[in-house]
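Analysis of the macromolecular model
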Amino acid sequence: MDNHRIKEIIESPVMINVSYHGIPVYIEELNEANNTATIFPLDEMDHSQEVDLSGLVEEGP
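Definitions and limits used
Residues numbered from 1 in each chain as written. Predicted model: local features only at pLDDT ≥ 70, side-chain atom pairs only at ≥ 80, totals over all residues. Heavy atoms only, no water. Pairing = 2+ DSSP bridges. Helix = DSSP H or I, 4+ residues; strand = E, 2+ residues; numbered from the N terminus. Axes fitted to C-alpha atoms, helices over the stretch in contact; angles between N-to-C directions. Salt bridge = Lys/Arg side-chain N within 4 Å of Asp/Glu carboxyl O. Buried < 20%, exposed > 50% of the residue type's maximum accessible area, 1.4 Å probe, protein only.

Backbone hydrogen bonds are what pair the strands of a sheet, in a parallel or an antiparallel way. Read from one edge to the other, the open sheet built from five strands follows the order S4-S3-S2-S1-S5, with strand pairing classed as antiparallel. Unpaired on one side and paired on the other, strand S4 (49-52) and strand S5 (56-58) mark the two borders of the sheet. In this sheet, adjacent strand axes meet at a mean angle of 50° when their direction is disregarded. Two strands pair when backbone bridges link them, and strand S1 (residues 18-20) and S5 are joined in this way by three bridges, in the antiparallel orientation.

Shown next, in the form of structure tokens:
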């Protein structure tokens, strides 16, 4: 996923479904310098991790 779309998702007032390797996640923050994002699985909100943007996929319409 590209930086621009991730910024839109983070700033969106509605929840946009995103997954990381098939796991539904919430994108907390974008790190443009490293092309990474801080995310956490929706079922483990206290387990944040920094991941490569290429693993993030927007789900559904």
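Text resumes after the structure shown.
Turning our eyes to something else, we now look at the pattern of salt bridges. In total, this model carries three salt bridges according to the counting rule given. For Arg5, the salt bridge identified is with Glu58, shortest N-O distance 2.7 Å. Residue Arg5 is located in helix H1 (residues 3-11), and its partner Glu58 is located in strand S5; the two are separated by 53 residues in the primary sequence. Given a relative accessible area of 24%, Arg5 falls into the partly exposed group. For Glu58, a relative accessible area of 33% corresponds to the partly exposed category. Of the charged contacts in the structure, one is a salt bridge between Glu32 and Lys7, with a shortest N-O distance of 3.3 Å. Placement of Glu32 in the loop between strand S2 (23-31) and strand S3 (36-41) and of Lys7 in helix H1 is noted, with a sequence separation of 25 residues between them. With a relative accessible area of 43%, Glu32 lands in the partly exposed category.

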